[in-house]
Amino acid sequence: MTLLLIGAGSQAYREYLLRSVAEEYDVHLLADRAPTWEAPLLSGHTVVDTTDVDAMREVARTLSCEGVLTWDDTRVVQTARLADALGLPGAGAEAALRCRDKQATREALARAGVPQAGSIPAASLPQARAAAARLGYPLVLKPRALNASTGVVKVDSPDALARGFRLARAATAPGAVEVAPGDVLVEEYLDGPEISFDAAWHEGRMTPAFVARKECGFAPYFEETGHVVDGRDPLLSDPRILRTVQAAHTAVGFGTGWTHTELRLTSDGPKIIEINARIGGDRIPDIGRLALGVDAARTAAQVACGRSPDLTPRHHRVAAVRFLYPGADCIARDVRLDPGALPDSVDSAVTIALPGQELRLPPNGHVSSRYALLTVVGESEQQCQADLDKAAGAVRLEVLRPL
């Protein structure tokens with residue numbers, strides 16, 4: 001079976017997904033560049049402009065493919081359009097765009113009465129001030145269509161609004177083309193723990209995969225510094241969460257594919273932060289596999305090819321991922337790893353920063369400021385966190401010079 005993959009992403013964060021899919025499918029990669037680390041895992045590739053659906057369709061017509069898949073947030077809309085053009089299973093272009101465009105998500109959820117943060121779009125600072133007066137402080141400013149918490153900032157008072165608005169409005173990300181830049185969403189700040197809920201969808205039927213509890217740092221920004229998946233987490237079967245996630249997907253018209261939904265667990269119940277029409281990032285699917293034995297990548301590929309998903313857990317453990325950051329902005333000389341100092345519970349220890357790479361902390365940098373990542377698996381969150389502490393000591397960032 002041939003599967004079209006639109007973009008492979010970075011090796012540190014996405015290789016494990018491609019490796020899993022390639023065990024079951026012949027993967028033909030469509031990407032803006034020739035493959036490097038991906039090459040051994042592919043049955044073929046074509047260098048093509050992945051923003052050009054017509055060009056990708058012409059390539060696909062020369063292949064016998066059964067599905068189209070991406071885990072690149074900036075290509076979910078093009079992937080859905082390509083699946084539509086080829087008559088293959090998928091979310092549908094309109095549903096994918098409603099997920100990608102956070103303002104469209106808010107409007108669809110509001111019409112359906114789905115619990116979410118209050119949100120008002122603002123294209124100028126006066127509009128942002130008017131929105132803040134309606135919503136009250138604290139509040140959150142976020143770009144309309146970016147990911148990885150880029151440009152997202154909490155604002156506690158009117159004095160900080162102008163700086164926060166300029167930051168959110170100026171934020172950019174490579175390859176983000178579906179929604180014109182400029183608009184900022186001024187949103188109600190939702191207090192309470194933040195989680196992500198990954199699920200497979202087949203013709204409107206949801207199959208939950210795993211819940212990750214998010215760890216954030218670098219306030220007032222929302223940098224995701226780690227995640228924990230507990231295979232026995234009651235949130236995975238919580239009726240209120242299931243109803244809210246189902247209602248949100250019905251509201252945006254999402255029926256087939258994989259989604260990574262972010263929620264806040266407020267005192268009034270779960271509320272939707274956003275719906276991402278792709279597999280979760282930040283190695284969350286990897287720790288979902290370690291905790292529950294479920295394979296998100298392979299299941300997402302099966303759904304993309306029109307097959308019903310099976311996410312039956314094989315075990316129930318706890319797994320966690322942590323990202324390592326410098327103490328201050330710097331240029332990396334090297335990242336050294338001592339494998340002998342890693343606890344036995346470590347599943348992966350990956351150095352990310354390259355020699356000479358600039359590492360800038362939020363708000364000047366986000367995911368790009370990480371120099372390593374660690375994943376562990378154990379029987380409790382406490383054990384995982386303690387082992388992550390030990391593992392972090394086995395990784396040393398050598399700094400060329402501060403910035």
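To start, this report covers the structure provided alongside it. (Residues numbered from 1 in each chain as written. Predicted model: local features only at pLDDT ≥ 70, side-chain atom pairs only at ≥ 80, totals over all residues. Heavy atoms only, no water.)

### A look at the pairing of strand β13 (residues 269-276)
Then comes step 1: With eight of eight residues buried, β13 is to be regarded as a mostly interior element.
Then comes step 2: Here strand β12 (residues 257-266) folds back onto β13 in antiparallel fashion, the turn holding two residues. (Buried < 20%, exposed > 50% of the residue type's maximum accessible area, 1.4 Å probe, protein only. Helix = DSSP H or I, 4+ residues; strand = E, 2+ residues; numbered from the N terminus. Pairing = 2+ DSSP bridges.)

### What about the packing of aromatic side chains?
The way to describe two aromatic rings as a pair is by their centre distance and the angle between their planes.
Then comes step 1: Inspection of the entire model under this criterion finds three aromatic pairs.
Then comes step 2: With 6.2 Å between their ring centres and 45° between their planes, Tyr 13 and Phe 323 make a pair best called tilted. With Tyr 13 in helix α1 (residues 11-22) and Phe 323 in strand β14 (residues 318-324), the pair connects residues that are 310 residues apart, well separated along the chain.
Then comes step 3: Classification of Tyr 13 as buried rests on a relative accessible area of 10%.
Then comes step 4: On the basis of relative accessible area, Phe 323 is assigned to the buried category, the value being 3%.
Then comes step 5: For Lys 154, the ring lying beneath its charged end belongs to Tyr 189, and the centroid distance is 4.3 Å.
Then comes step 6: Taking NZ or CZ as reference, Arg 370 lies 3.6 Å from the ring centre of Phe 323, over its face. (Phe/Tyr/Trp six-rings, centres within 6.5 Å; stacked < 30°, edge-to-face > 60°. Lys NZ or Arg CZ within 6 Å of the ring centre and 35° of its normal.)

### What about the sheet that holds strand β7 (residues 153-155)?
Then comes step 1: Strand order in the open sheet made by the four strands is β5-β8-β6-β7, with antiparallel pairing throughout. Two strands close off the open sheet at either side, each with one partner strand: β5 (119-122) and β7. Mean inter-strand twist for the sheet, computed between neighbouring axes without regard to direction, equals 30°.
Then comes step 2: The pairing of strand β6 (residues 139-143) with strand β8 (residues 184-188) spans five bridges and is classified as antiparallel. Opposite Pro 143, over in β8, you have Val 184 as the bridge partner.
Then comes step 3: Each of β5, β6, β7 and β8 is contacted by helix α7 (residues 161-170), which is oriented at about 25° to β6, the strand it contacts most. (Axes fitted to C-alpha atoms, helices over the stretch in contact; angles between N-to-C directions. Contact = heavy atoms within 4.5 Å.)

### Looking at the pattern of salt bridges
Then comes step 1: Following the criterion strictly, the structure yields 34 salt bridges and no others.
Then comes step 2: In this structure, the salt-bridge partner of Lys 102 is Glu 274, at a minimum N-O distance of 3.9 Å. Residue Lys 102 is found in helix α5 (residues 102-112), and its partner Glu 274 is found in strand β13; the two are separated by 172 residues along the sequence. The exposure classification of Lys 102 matches that of Glu 274, with both residues buried.
Then comes step 3: Close ionic contact of Arg 283 with Asp 286 constitutes a salt bridge, the shortest N to O distance being 2.9 Å. For the pair Arg 283 and Asp 286, a shared accessibility class is recorded, and that class is buried. (Salt bridge = Lys/Arg side-chain N within 4 Å of Asp/Glu carboxyl O.)

### Topic: the side chain of His 249
Then comes step 1: Examined against the element boundaries, His 249 turns out to sit in helix α8 (residues 239-252).
Then comes step 2: With a relative accessible area of 0%, His 249 lands in the buried category.
Then comes step 3: Beyond its immediate sequence surroundings of up to four residues, His 249 is in contact with Trp 201, Phe 254, Thr 259, Thr 261 and Ile 275.

### Thoughts on the pairing of strand β4 (residues 65-69)
Then comes step 1: For β4, the buried fraction is high: four of the five residues fall into the buried class.
Then comes step 2: Sheet topology note: the strand β1 (residues 2-6)/β4 ladder contains four bridges and is parallel. Residue Leu 5 lies in a different strand from β4, and its bridge partner there is Leu 69.

### A word on the nonpolar core
Then comes step 1: Of all hydrophobic cores here, the largest spans 47 residues; its most connected members are Leu 3, Leu 18, Val 21, Trp 71, Phe 210 and Trp 258.
Then comes step 2: Counting only elements with at least two residues in this core, the list comes to β1, α1, β2 (26-31), β10 (205-217), α9 (284-292), α10 (296-304), β14 and β18 (372-378).
Then comes step 3: Each residue touching Leu 3, except ones within four places of it in the same chain, is listed here: Val 21, Tyr 25, Asp 26, Val 27, His 28, Gly 67, Val 68, Leu 69, Ala 301, Ala 304 and Cys 305.
Then comes step 4: Membership of the second largest hydrophobic core comes to 25 residues, among which are Val 77, Val 252, Ile 272 and Ile 275. (Core = buried A, V, L, I, M, F, W, Y, C linked by side-chain atoms within 4.5 Å.)

### So, the sheet that holds strand β19 (residues 395-402)
Then comes step 1: With respect to topology, three strands assemble into an open sheet ordered β17-β15-β19, the strand pairing being antiparallel. Two strands close off the open sheet at either side, each with one partner strand: β17 (358-359) and β19.

Limitation: the analysis is restricted to geometry and does not speak to function.
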